[in-house]
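# Summary of structural features
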Amino acid sequence: MSSELKVAVIGSGTMGSGIAQIAAQNGHEVVVYDSKREAITSAKEKLEKLFSRLIEKGKITEEQSSAAQKALHWTPEISDIKNSNLVIEAIIENGEIKKEVFNSIEELVEGDAIIASNTSSLSIASLGAAFKHPERFLGIHFFNPAPLMPLVEIVPGLATSPETVEKTRKIIDDWGKVTVLAKDTPGFIVNRIARPFYGESLRIYEEGIADFATIDWALKEQGDFRMGPFELMDLIGNDINFTVTETVFREFFYEPRYRPSLTQKRMVEAGLLGRKSGRGYYDYSEDAAEALPNRDPELAKKIFTRVLVMLINEAVDAVFLQIASPRDIELAMTKGVNYPKGLLGWGEELGLQCVLAELNSLYEEYGEDRYRPSPLLRRTVMAGKENFL
């Protein structure tokens, strides 16, 4: 790879444009390819407006804005990426379409170029099978909005070379991002471990224990989460959040811990997607009445504890199955979804014996595998340990 990095981004949507912005602001020549000219025009105009706002807010200077925009080259011709030595794909989450694009990319770029996918849900090993040289392919998963969110998950496939991983991680680290190394499993780190935040909250609602506003309030009040699960699902979009849960559930061979919620499925079917549709778990119309929570402190503690121990158990199980190191798991959840604390440390603070007791109580009450404690949690408590290091 040449000493001067040239970056290509495939796809000019929100994520592609965000990644291109990061690379350009870090002094690289960037080619942004999209087969649709209208998409390119729209993305370019949005980015120009964004740079203007950044100047107004004093985040960047006019000179920095001019340099970054001059470094961006927009094209509907994929052949224009041929001189790039880092290519990041950020198109629709469809494996077959991605593979077709990768076939074209591999024919165009030099043999030492790194090729990556920004996929959040597809198998890196499966995508890598499209390559003649899969050792140079891996996942680079940014979080939305990419310029603002610090976390990037680096995901090697089975055939990815250690050299490719090392080079990629250094590049993304140099861009000022926080990188974590994740095993190629469904949801990687964040989208896997975060499932109970949504799933257990939905289950609590379905059981009639509390309404949306009360559950949101309880988790913010007791746990200092920035947003409650229903507020967050409305922001993400119920369609997107449901699809992620459904994908993780299916790809883990229908593991009960990730079972999707019928409540959320009906919301998607009804078109109640959240903020973008004007209504989801909350009504966002101008004259809508504010949803008021039941501020019962005992109820809040019950809700918070149940959701938290499920999250902690998921994080512990990710360590058990070597999805990532304990350090990277803590970083992923605090930097990727803005949790107030790392879940492993939170479990240690709460007391691992207390976490295990709460999970055992839920398992005994419901008789469902979704509540089974991780073997690592059991072993750690039985050994009298207070942490996972």
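Scroll up to find the structure this text is about.
Residues numbered from 1 in each chain as written. Predicted model: local features only at pLDDT ≥ 70, side-chain atom pairs only at ≥ 80, totals over all residues. Heavy atoms only, no water.

## With respect to the nonpolar core
Ile81, Ile105, Ile189, Phe197, Ile329, Leu343 and Leu377 are the most contacted members of the largest nonpolar core, which totals 80 residues. Per-element tally for this core: the top contributor is helix α13 (residues 297–320), with 14 residues. Ignoring any residue separated from it by four or fewer positions in sequence, one finds Ile189 in contact with Glu153, Val180, Leu181, Ala182, Ile323, Ala324, Asp328, Ile329 and Ala332. (Core = buried A, V, L, I, M, F, W, Y, C linked by side-chain atoms within 4.5 Å. Buried < 20%, exposed > 50% of the residue type's maximum accessible area, 1.4 Å probe, protein only. Helix = DSSP H or I, 4+ residues; strand = E, 2+ residues; numbered from the N terminus. Contact = heavy atoms within 4.5 Å.)

## Some details on empty space enclosed by the protein
For the coordinates displayed, the defined rule picks out 1 cavity of 30 Å³ or more. Considering the residues around the largest cavity, the lining is formed by Arg195, Pro196, Tyr198, Gly199, Leu202, Thr245, Arg257, Tyr258, Arg259, Pro260, Ser261 and Gln264. It is helix α8 (residues 195–206) that provides the largest number of residues to the lining of the largest cavity, a total of 5 residues. (1 Å grid on protein atoms, 1.4 Å probe; cavity = no way out; pocket = protein on both sides within 12 Å on 5 of 7 lines; lining within 4 Å. Points joined across faces, edges and corners; volume = space filled by probe spheres on them.)

## Describing the packing of α8 against helix α10 (residues 229–236)
The N-to-C vectors of α8 and α10 enclose an angle of 120°; their axes lie 9 Å apart at closest approach. Classified by the angle between their axes, α8 and α10 sit oblique to one another. When you trace α8 past α10, the crossing you get is left-handed. Residues Phe197, Tyr198, Ser201, Leu202 and Tyr205 of α8 form the contact with α10, whose participating residues are Pro229, Phe230, Leu232, Met233 and Ile236. (Axes fitted to C-alpha atoms, helices over the stretch in contact; angles between N-to-C directions. Parallel < 35°, antiparallel > 145°, perpendicular 65-115°, else oblique. Left-handed = near helix turned anticlockwise from the far one by under 90°.)

## Digging into the sheet that holds strand β1 (residues 6–10)
Through backbone hydrogen bonds, the strands of a sheet pair up, either in parallel or in antiparallel fashion. Spatially, β3-β2-β1-β4-β5-β6-β7-β8 is the arrangement adopted by the 8 strands of the open sheet, whose pairing is mixed. The two strands at the open ends of the sheet, each matched to only one other strand, are β3 (72–75) and β8 (178–181). This sheet shows a mean twist of 25° between the axes of neighbouring strands, independent of strand direction. Where strand β6 (residues 137–142) and strand β7 (residues 151–156) come together, 5 bridges link them in antiparallel fashion. Each bridged residue has a counterpart across the sheet, and for His141 the counterpart in β7 is Glu153. (Pairing = 2+ DSSP bridges.)

## Some words on the side chain of Ser261
Examined against the element boundaries, Ser261 turns out to sit in the loop between α11 (238–251) and α12 (262–269). Residue classification places Ser261 among the buried residues on the basis of a relative accessible area of 9%. Side-chain polar atoms of Ser261 contact the side chain of Glu206, separated by 2.7 Å. Once residues lying within four places of it in the same chain are set aside, the contact partners of Ser261 are Leu202, Glu206 and Phe242. (Polar contact = N/O pair within 3.5 Å; in protein donor to acceptor, adjacent residues only side chain to side chain.)

## Quick notes on the packing of α13 against helix α16 (residues 352–366)
Two numbers describe how α13 lies on α16: the axes approach to 10 Å, and their chain directions differ by 105°. In this view, α13 runs roughly perpendicular relative to α16, as classed from their interaxial angle. Here Thr305, Arg306, Val309, Met310, Ile312 and Asn313 of α13 lie close against α16, whose contacting residues are Val355, Glu358, Leu359, Leu362 and Tyr366. Among the residues making up the contact of α13 with α16, the classes are represented as 7 nonpolar, 2 polar and 2 charged. (Nonpolar A, V, L, I, M, F, W, Y, C, P; charged D, E, K, R; others polar.)

## Considering the packing of aromatic side chains
Under the definition given, this model contains 16 aromatic pairs. Judged by centre distance (5.6 Å) and plane angle (80°), the ring pair of Phe197 and Tyr198 falls under edge-to-face. Grouping residues by exposure puts Phe197 and Tyr198 together as buried. Connected via pairs of aromatic rings, a cluster forms that spans Phe197, Tyr198, Phe225, Phe304, Tyr339 and Trp346. (Phe/Tyr/Trp six-rings, centres within 6.5 Å; stacked < 30°, edge-to-face > 60°.)

## A word on the pairing of β6
Burial runs high along β6: 6 of the 6 residues are buried. Residues of β6 alternate between two faces, with Phe137, Gly139 and His141 on one and Leu138, Ile140 and Phe142 on the opposite face, all of them buried. In terms of strand pairing, strand β5 (residues 114–117) meets β6 through 3 bridges, oriented parallel. Bridge pairing in β6 places Ala116 opposite Leu138.

## Some points on the layout of surface pockets
Empty space within the second largest pocket amounts to approximately 580 Å³. Around the second largest pocket, the lining comprises 25 residues; the ones closest to its centre are Thr14, Gln21, Leu47, Leu50 and Pro147. Those elements that place two or more of their residues in the lining of the second largest pocket are α1 (14–25) and α2 (37–56). Broken down by element, the residue count for the lining of the second largest pocket peaks at 9 residues, all from α2.

## Focus: a positive patch on the surface
Side chains of Lys46, Lys49, Arg53, Lys57 and Lys59 sit close together on the surface and give a patch of like positive charge. Within the secondary structure, Lys49 is located in helix α2. (Patch = residues over 30% accessible without salt bridge, like charges linked within 9 Å, V, L, I, M, F, W, Y side chains within 5 Å. Areas by Shrake-Rupley, 256 points an atom, 1.4 Å probe, with all protein chains shown as cover. Salt bridge = Lys/Arg side-chain N within 4 Å of Asp/Glu carboxyl O. Lys, Arg positive; Asp, Glu negative; His and termini not counted. Charge placed at Lys NZ, Arg CZ, Asp CG, Glu CD.)

## Things to note about the pattern of salt bridges
Using the criterion set out here, one finds 25 salt bridges in the structure. Linking Arg370 and Glu200 is a salt bridge whose minimum nitrogen-to-oxygen distance equals 2.7 Å. Here Arg370, found in the loop between α16 and α17 (375–382), pairs with Glu200, found in helix α8; they are 170 residues apart in sequence, far enough to count as distant. A relative accessible area of 0% means that Glu200 is categorised as buried. Here the residues in one salt-bridge network are Arg192, Glu255, Arg257, Glu314, Asp317 and Arg372, joined through shared partners.

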